[in-house]
Amino acid sequence: MAVHIAGSINLDIITSLERLPLPGETVLARATARLPGGKGANQAVAAARMGAATRMIGAVGKGDAGIWMCERLAAEGIDVSGVSVLNQHETGTAYIAVDAQGENQIIVVSGANAHLSGVEPVSEGVLLSQLEVPVAALLPVFAQSKAIRILNTAPAVAEAQCLFPHVDILVLNQHELAVYTDAAGDGDVLARARSLLTRPEQAIVVTLGGEGALAVRGDWHFHVPAVPVVPVDTIGAGDCFCGSLAALLDEGYCLAEALPKASAAAALSTLGQGAAPSMPSRAAVEDLLSGAATEHAPPIKNPRTAAVS
């Protein structure tokens, strides 16, 4: 059907460093680049490159940055008719520092994203959102939409818990899981994920970095190991996972079938610079799963090693 993404649209200013600065320290950069970004836009590009008909719902500001971002999204085949131009605000901007190991620090100026409103419910396909736009704008959309509803809880916002009962699949990392379960890293991940379930048919997906991803639904859970890679830049890997997952579910895959492909896509996204530009094609994901190696990623010898309990 289609993947509808209600979320942020940012201009990313990315600076490459040998190492990230300590508090109060000045570090000289090797290079800087201007690239499309924002969690919503990144996830839209990931979904589109996985083959989904994709519609972006968001807001940009007046001026060249907003025009440029809409042009970049449209060039990916994404429907941008749901993107509002707010003339009284600037387009969101993210300032990103990336070190030689691919780790990053990010500062986001929300701009127009903070003023998104009036989003219409989605009647079919998949609805995917994140928390770089107001929770108040998302609540009626999730409550009234008939699509498969996915919420990526990034960044962690405490008041977003009001959305959880209206979500079909909740995607969060270990830090976000700790925030929403009031546990500073201690306790069993499976038990803490299960504590967030509000309905028997709801699923929680916890991304575990180098340990893969864990899906939980009722008494059932499913673990997908990570794809081994030598990362160049980890920016946007989580967004790639979410956008790819949404595209695969829209295509008709069940959650257990979609997770290994989404995990492989996320791994491939770390092999390029930037977020949206590094999202892999569907063909690249299929090649990796079938055993074809890339420059920085060995082939997956047994893509069906996921464990179901």
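In what follows, the structure referred to is the one given above.
Thresholds, definitions, all that
- Residues numbered from 1 in each chain as written.
- Predicted model: local features only at pLDDT ≥ 70, side-chain atom pairs only at ≥ 80, totals over all residues.
- Heavy atoms only, no water.
- Salt bridge = Lys/Arg side-chain N within 4 Å of Asp/Glu carboxyl O.
- Helix = DSSP H or I, 4+ residues; strand = E, 2+ residues; numbered from the N terminus.
- Buried < 20%, exposed > 50% of the residue type's maximum accessible area, 1.4 Å probe, protein only.
- Contact = heavy atoms within 4.5 Å.
- Axes fitted to C-alpha atoms, helices over the stretch in contact; angles between N-to-C directions.
- Parallel < 35°, antiparallel > 145°, perpendicular 65-115°, else oblique.
- Left-handed = near helix turned anticlockwise from the far one by under 90°.
- Nonpolar A, V, L, I, M, F, W, Y, C, P; charged D, E, K, R; others polar.
- Pairing = 2+ DSSP bridges.
- Phe/Tyr/Trp six-rings, centres within 6.5 Å; stacked < 30°, edge-to-face > 60°.

**Notes on the pattern of salt bridges**
And step 1. Going through the model one piece at a time under the given rule, you end up with 10 salt bridges.
And step 2. Between Lys39 and Asp239 there is a salt bridge whose closest N-O contact spans 3.8 Å. In this pair, Lys39 is assigned in helix α1 (residues 39–49) and Asp239 in helix α6 (residues 237–251), connecting sequence segments 200 residues apart.
And step 3. Judged by its relative accessible area of 5%, Asp239 is buried.

**Describing the environment of Ala31**
And step 1. Note that Ala31 resides in strand β3 (residues 29–37).
And step 2. Looking at Ala31, the relative accessible area reads 41%, which means it is partly exposed.
And step 3. Placed 247 residues apart in sequence, Ala31 and Ser278 show a C-alpha to C-alpha distance of 17 Å.
And step 4. Leaving out residues up to four positions away in the same chain, Ala31 has contacts with Ile14, Thr15 and Ser16.

**Re the packing of α1 against α6**
And step 1. Running from N to C, α1 and α6 point in directions that differ by 50°, and their axes come no closer than 7 Å. Put simply, α1 runs oblique to α6. For the pair α1 and α6, the crossing hand works out as right-handed. For the pair α1 and α6, the contacting residues are Lys39, Asn42, Gln43, Ala46 and Ala47 in the first and Asp239, Cys240, Cys242, Gly243, Ser244 and Ala247 in the second.
And step 2. Among the residues making up the contact of α1 with α6, the classes are represented as five nonpolar, four polar and two charged.

**A few points about the sheet that holds strand β7 (residues 104–109)**
And step 1. On the basis of which strands lie adjacent, the open sheet formed by four strands has the order β3-β2-β6-β7 and mixed pairing. At either end of the open sheet lies a strand with only one pairing partner, and these are β3 and β7. In this sheet, adjacent strand axes meet at a mean angle of 15° when their direction is disregarded.
And step 2. Sheet analysis places strand β2 (residues 10–17) next to β3, joined by eight bridges and oriented antiparallel. Following the sheet pairing, Asn10 is matched in β3 by Gly37.
And step 3. Here helix α2 (residues 64–75) sits on the sheet in contact with β2 and β3, set at roughly 70° to β3.

**Points about the packing of aromatic side chains**
And step 1. In the structure shown here, the tally under the stated rule is two aromatic pairs.
And step 2. Centroid distance Phe164 to Tyr180: 5.1 Å. Interplanar angle 70°. Geometry classified as edge-to-face. Taken as a pair, Phe164 in the loop between β9 (148–152) and β10 (169–173) and Tyr180 in helix α4 (residues 174–181) lie far apart in primary sequence, 16 residues in all. The two residues Phe164 and Tyr180 agree in class, both being buried.
And step 3. An angle of 15° between the planes, with centres 6.1 Å apart, marks the rings of Trp220 and Phe222 as stacked.
And step 4. On the accessibility criterion, Trp220 (26% relative accessible area) is partly exposed.
And step 5. When its relative accessible area of 6% is taken as the criterion, Phe222 is described as buried.

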